[in-house]
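# Observations on the model geometry
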Amino acid sequence: MKRLQYSVSRVALALALSFSLVACSQFGTATKPAPLQPSAVTIAASSADVTTLKPLSLSDIMQFREIKERAVSGNQQWLLYTAEPDFGDSTGYVRHLLSEREFSVERADRGMLNQTGSFALFRQRAPLLAREQAKNDKAKRDALAQNAILLNTATGEQKVFANIERFSFTGAGNYALLLVRKADSKDSSQLLQVLDLQSGKVSDLGQVTEFATAKDSDLIALVLEKAVIEQAASGTEAKNARPSQQVVVYFPAEQRSLALTEANADVKQQLRFSPDGQQLVFFSAAKAEKGKEVAQQLWYWSAKDLTSSNQNSARPLAVAQDGWLLSDKQAPEWREDSRAVLLGFRPLVAPAEAAAALETDEQLFDLARLAAGRKLQVWHGQDPRIIPQQKAEYQQAQRRTAPALLWLDNSSVDNSSLASSATPRLVPLSADLEDRLYPSQNPQAALLSNGRPYLQQLTWQGRLHDIWHVNLHTGQRQQVFAGNPSYERAHLSPSGRYALYQQQGKLWLFDSTDGSKRQLAADIKVSWVDEMHDRPEPAAAYGVAGWLADESAVLVYDRFDIWQLGLNGDNRNLTVNGRDTQWRYRFEQTDAKAQAIALNSKLLLHGFNEQSKQSGFYQLNLATSERQTLISGNTRYDFVEALEQQNAYLFTEQSFRQFPDLKLAKPDFSQTTQLTDVNPQQRNFLWGDSHLIDWVTADGERLQGVVLTPDGFDPAKRYPVLVYYYEQFSDRLFSYNQMRVNHRPNFPFYLGQDYVVFLPDIRFREGAPGPSATESLLPAIDRLIELRIADPKAIGLHGHSWSGYQTAFVITETDRFAAAVAGAPVSNMTSAYSGIRWQTGLARQFQYETGQSRIGESMFDNLKPYIDNSPVFFADKINTPLLIQFGDKDGAVPWEQGIELYLALRRLQKEVVMLQYEGEDHHLADFANKVDYSIKMLEFFNHYLKGEPAPLWWQQGQPYQRND
């Protein structure tokens with residue numbers, strides 16, 4: 001009955017709209033528009049030769065590799081990458097970009113190249129077999145080999161350096177630093193060695209606690225640690241030892257050291273070279289007692305002062321704010337121009353009084369003393385953050401700092417280092433630990449975010465914040481906007497004068513010269529925010545491509561096009577016809593350091609067609625608005641990196657069948673070269689093809705989905721279908737499936753088992769997320785049956801988290817699915833509403849009132865939709881066999897939600913099994929659990945969709961087992 005009511009209401013709405021169109025006509029009878037029809041589609045027989053192909057096993061999936069790490073040498077001639085399997089040993093590769101020379105290093109990861117690419121370093125782990133053998137034995141794990149492998153790209157020679165924990169190249173790339181693993185985990189320092197890459201000579205630099213290298217030179221800074229023997233009162237006998245630390249700069253070419261500080265017991269840390277490599281700052285302070293903070297002393301040294309003998313040592317800088325201490329929780333962070341350092345301060349806290357010693361019998365019964373041992377948390381109704389959130393953020397809160405900028409030259413134009421007579425100037429940027437400074441290299445201004453006024457309402461409204469404009473030279477603050485969702489930011493102009501932002505669907509320009517605000521592009525009749533937004537919260541802006549260098553205009557996105565919005569009102573659509581052709585254009589940043597877009601430049605654009613899912617790269621001439629197609633097609637292209645010195649781009653191309661290997665292209669894409677081939681074994685396995693279909697819902701909306709058909713697909717055969725979904729999946733038409741064993745069904749794996757996999761889009765309406773899923777799915781299933789793809793009696797449904805909820809709800813409204821899997825589903829919105837997301841400590845209320853759950857109002861204002869959208873209240877309507885999966889440490893969805901649904905179905909004698917994976921979070925992490933769940937998923941679907949015998953765990957369950 002419930003499902004019928006929703007259907008009737010939707011039909012009534014559609015009829016009312018159609019009658020209103022007729023009634024409003026002034027010119028006679030209006031012609032009723034023809035109802036939408038699905039697009040014609042033919043899915044032909046597979047052309048793949050399957051005679052030599054085999055289906056994937058889970059073990060095969062584990063050995064597929066992903067490109068995890070990538071680096072290009074400073075001269076942009078060498079590419080380093082690692083290919084890492086889901087389960088197994090990774091391999092490191094170094095390839096010359098201008099030839100086909102390539103080297104591989106087995107069991108390698110964490111790779112890096114020196115400046116010229118003449119050498120590479122990798123970590124080499126013990127083989128997987130040894131790691132698995134040592135998995136449950138700490139002593140064996142500690143004994144596992146971990147080497148550094150030095151690869152000479154000129155000769156291909158690989159040299160092993162045993163027992164190395166960490167390594168680095170110097171900035172100029174002539175030396176390598178090797179940090180030897182501790183012999184004892186309790187050791188406070190480690191041996192640091194320097195390797196001359198030309199001679200191969202290795203020298204010991206001493207026991208260190210920290211080291212750093214300059215960006216463009218071979219300078220090395222290190223904290224040396226030595227044992228200082230304190231003499232007993234007699235002067236002849238060692239009483240104890242304590243470490244002594246000294247900061248040293250080492251010049252490897254000269255093989256000499258320069259001491260920057262005296263050796264003493266103060267802790268030296270956070271060594272940071274400036275970007276120009278000529279200056280160094282670091283902290284020094286007495287060792288802090290546990291749970292207490294110690295004010296840091298900032299030290300400064302400049303290599304430019306080496307000519308003056310009295311300037312060879314570092315010197316302390318006077319950096320102080322009343323009521324604050326300089327904190328090591330924020331490492332010194334240089335500005336790109338090497339003129340200023342970002343620091344963090346924390347409030348001074350008065351030391352707690354020590355408890356009085358217990359001395360008398362009367363004190364035994366002192367109530368204050370007895371209560372002092374309590375373990376209590378007080379949940380106050382007016383707390384800005386609820387206690388679970390405070391707990392989850394406790395470590396983060398202890399590290400929050402208020403930012404301040406230390407100008408070293410006390411000037412706004414000179415780019416020199418700190419002269420011996422100069423006084424650095426500290427500019428506090430904040431006096432509030434809730435302030436968040438957005439990273440930027442803008443020379444004059446920065447933006448700060450602060451959500452303090454909205455902390456309490458975060459519980460039900462989601463994150464809101466204010467944005468402030470702060471002058472980096474004076475510290476002057478001006479509010480840019482107030483009370484915007486936290487996903488809305490502001491965009492500084494190149495000089496820092498202006499900030500562009502979106503609020504309530506309009507674009508606003510803030511001017512820091514007078515604090516004024518005015519609307520931009522008010523006369524342009526497009527939406528600057530997500531037109532397809534279907535959550536009960538403000539829609540997010542499409543974004544900003546960037547400012548023109550002269551600040552005459554800013555480039556802003558709508559759904560499809562890029563607009564140049566002039567501050568003088570001169571606006572133009574740069575991509576012209578994106579909306580008409582359904583192509584969405586976005587700017588690709590080819591200069592990572594650029595703060596603005598040069599006038600009359602030629603921009604690289606990425607294009608994506610919302611209907612066909614095609615993509616491509618384009619060149620846009622800013623001066624003429626001329627757009628040139630560089631490459632485009634039925635595939636997915638992704639920009640990776642621009643190589644300016646090689647006048648080339650790194651990019652990837654992928655499809656459901658094609659892994660996104662790295663490719664190199666000339667700027668016009670006239671020449672492309674494939675650089676990697678990390679999964680050649682795919683050629684041996686059954687795979688499949690992706691197809692786009694659409695369908696029309698009962699209220700006349702067209703939706704799309706992806707049909708994945710197996711190699712050997714026969715159009716005359718009806719297939720079992722596995723439906724996997726979330727919200728919008730049709731954009732994945734040309735996406736390669738991530739080859740992992742996890743909580744998701746692996747699509748090529750199921751295709752190899754002679755399934756068809758279907759990825760449909762879901763359209764939601766406010767207040768009815770559950771019925772919305774049913775309304776989207778059922779006509780999609782009808783379409784699959786109409787196309788003679790699906791066996792109507794062999795369709796399975798699988799969802800996790802949000803789609804796990806949808807799955808649990810949909811089967812209360814329909815019996816169309818032969819079996820269903822719901823991973824981590826919410827089953828009862830009335831109990832979940834006031835639950836906690838334990839990972840973040842946040843209350844779940846905002847998810848329903850403004851977020852993904854889309855109810856749109858509080859449970860107290862309107863209880864009905866919370867009940868109507870809760871599967872547990874309609875469990876008696878469920879006739880579909882249901883497999884529930886939960887981790888009992890789920891930090892996103894309380895696993896009690898699974899228990900509620902399980903107990904309801906158990907009480908009603910329905911077919912249900914819940915898999916409780918102990919110690920697991922929202923997504924399975926332990927590989928044994930991922931393998932087990934994948935096996936059980938397939939067994940479950942094979943039974944109900946293929947008629948295979950039911951597995952014992954489904955027939956009989958399994959008694960409690962203690963898993964210590």
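Preceding this paragraph is the structure being described.
Because the structure is a prediction, the values reported are computed rather than measured.

Side chains of Leu-358, Leu-364 and Phe-365 sit close together on the surface and give an oily, nonpolar patch of about 320 Å² of accessible area. Inspection of the secondary structure assignment puts Leu-358 in the loop between strand S22 (340–347) and helix H5 (361–364). When its relative accessible area of 47% is taken as the criterion, Leu-358 is described as partly exposed.

Our next topic: the packing of helix H12 (residues 769–786) against helix H13 (residues 802–813). Angle between the axes and distance between the axes: these two values describe a pair of packed helices. Contact geometry for H12 and H13: axes closest at 8 Å, N-to-C directions at 75 degrees. Between H12 and H13, the angle falls in the class roughly perpendicular. Touching Pro-769, Gly-770, Pro-771, Ala-773, Thr-774 and Leu-777 of H12 are Trp-802, Tyr-805, Gln-806, Phe-809, Val-810 and Glu-813, all from H13. The residue makeup of the contact of H12 with H13, split by class, is eight nonpolar, three polar and one charged.

The four strands lie next to each other as S33-S34-S35-S36, forming an open sheet whose pairing is antiparallel. Of all strands in the sheet, those with a lone pairing partner are strand S33 (544–547) and strand S36 (571–573), marking the two edges. For this sheet the average axis-to-axis angle between neighbouring strands, irrespective of direction, equals 15 degrees. Inspection of the sheet shows strand S34 (residues 553–557) paired to strand S35 (residues 562–566) by five bridges, in the antiparallel sense. Within S35, the residue paired with Val-554 across the bridge is Leu-565.

The relation between two aromatic rings is expressed through the spacing of the ring centres and the mutual angle of the planes. Under the defined criterion, the tally for this structure stands at 40 aromatic pairs. Both rings, one in Phe-617 and one in Tyr-637, keep their centres 5.9 Å apart while their planes meet at 50 degrees; by these two values the pair is tilted. A residue pair is termed long-range when its members are at least 10 positions apart, and Phe-617 in strand S39 (residues 615–621) and Tyr-637 in strand S41 (residues 636–643) qualify at 20 residues. When its relative accessible area of 0% is taken as the criterion, Phe-617 is described as buried.

Spatial strand order, S5-S6-S7-S8: four strands in an open sheet with antiparallel pairing. Edge positions in the open sheet fall to strand S5 (108–113) and strand S8 (158–161), since each of these has one partner strand only. Shown here is a sheet whose adjacent strand axes are inclined to one another by a mean of 25 degrees, direction ignored. As judged from the four bridges shared by strand S7 (residues 146–152) and S8, these two strands associate in the antiparallel manner. For Leu-150, the partnering residue across the bridge sits in S8 and is Lys-159.

When the terminal C-alpha atoms of H12 are compared, their 26 Å separation across 18 residues agrees well with the 26 Å that a helix rising 1.5 Å per residue should span. In the stretch just after H12, Arg-788 is the one whose phi turns positive, near 60 degrees.

Okay, unusual backbone geometry next. In this structure, Gln-270 is a non-glycine residue whose phi angle is positive, near 60 degrees. Here Gln-270 lies in strand S16 (residues 267–273). Residue Ser-801 is not a glycine yet carries a positive backbone phi of 65 degrees. Within the secondary structure, Ser-801 sits in the loop between strand S49 (790–800) and H13.

For S41 and strand S42 (residues 648–654), the ladder comprises seven bridges, and the chain directions are antiparallel. The residue of S42 that forms the bridge with Ala-642 is Tyr-649. The antiparallel hairpin formed by S41 and S42 contains four residues in its connecting segment, where Asn-647 sits at a positive phi of about 50 degrees.

Before going further, it helps to spend a moment on the environment of Asn-746. Note that Asn-746 resides in the loop between strand S47 (719–724) and helix H11 (747–752). Of the residues examined, Asn-746 reaches a relative accessible area of 5% and is grouped as buried. For Asn-746 and Gln-614, which are 132 residues apart along the polypeptide, the C-alpha to C-alpha distance reads 24 Å. Among all residues touching Asn-746, those that are not within four sequence positions of it are Leu-56, Ile-61, Asn-737, Gln-738, Met-739 and Arg-740. Among the polar contacts listed, one links the side chain of Asn-746 to the backbone nitrogen of Phe-749, at a separation of 3.0 Å.

Each value, and the rule that gives it
- Each chain carries its own residue numbering, running from 1 in the written order of its sequence.
- Per-residue local features are limited, in this predicted model, to residues with pLDDT of at least 70; the limit for side-chain atom pairs, both in listing and counting, is 80 or more; totals at the level of whole chains, interfaces and linings are taken over all residues.
- Note that water and hydrogens are dropped before the side-chain values are worked out from all heavy atoms of the structure.
- What makes a patch is a set of residues exposed beyond 30% relative accessible area and free of salt bridges, joined within 9 Å when like-charged and within 5 Å when nonpolar (Val, Leu, Ile, Met, Phe, Trp, Tyr).
- For accessible areas, the Shrake-Rupley method is used with a probe of radius 1.4 Å. Any residue's cover is judged against the shown protein chains and nothing else.
- A pairing counts as a salt bridge when a side-chain nitrogen of Lys or Arg comes within 4 Å of a carboxyl oxygen of Asp or Glu.
- Each helix corresponds to a stretch of at least 4 residues labelled H or I by DSSP, and each strand to a stretch of at least 2 residues labelled E; elements are numbered beginning at the N terminus.
- Three exposure classes are used, based on accessible area relative to the maximum for each residue type with a 1.4 Å probe and protein chains only: buried under 20%, partly exposed in between, and exposed over 50%.
- For every element, the axis is a line fit to its C-alpha atoms; helices are fit only across the contacting stretch, and the angle between N-to-C directions ranges from 0 to 180 degrees.
- Angle categories are assigned with fixed cut-offs, so that under 35 degrees is roughly parallel, over 145 is roughly antiparallel, 65 to 115 is roughly perpendicular, and the rest are oblique.
- We call two residues in contact whenever any of their non-hydrogen atoms come within 4.5 Å of each other.
- Residues are sorted three ways: Asp, Glu, Lys and Arg are charged, Ala, Val, Leu, Ile, Met, Phe, Trp, Tyr, Cys and Pro are nonpolar, and all the rest, Gly among them, are polar.
- Note on pairing: two strands pair once DSSP finds at least 2 bridges between them.
- Side-chain rings of Phe, Tyr and Trp, where Trp is taken by its six-membered ring, are said to pair if the distance between their centres is within 6.5 Å; with planes under 30 degrees apart they count as stacked, over 60 as edge-to-face, and otherwise as tilted.
- Helix span, as expected, comes to 1.5 Å for every residue beyond the first.
- Pairing of N or O atoms within 3.5 Å defines a polar contact, subject to two protein rules: one partner must be a possible hydrogen donor and the other a possible acceptor, and residues neighboring in sequence count only if both atoms are side-chain atoms.

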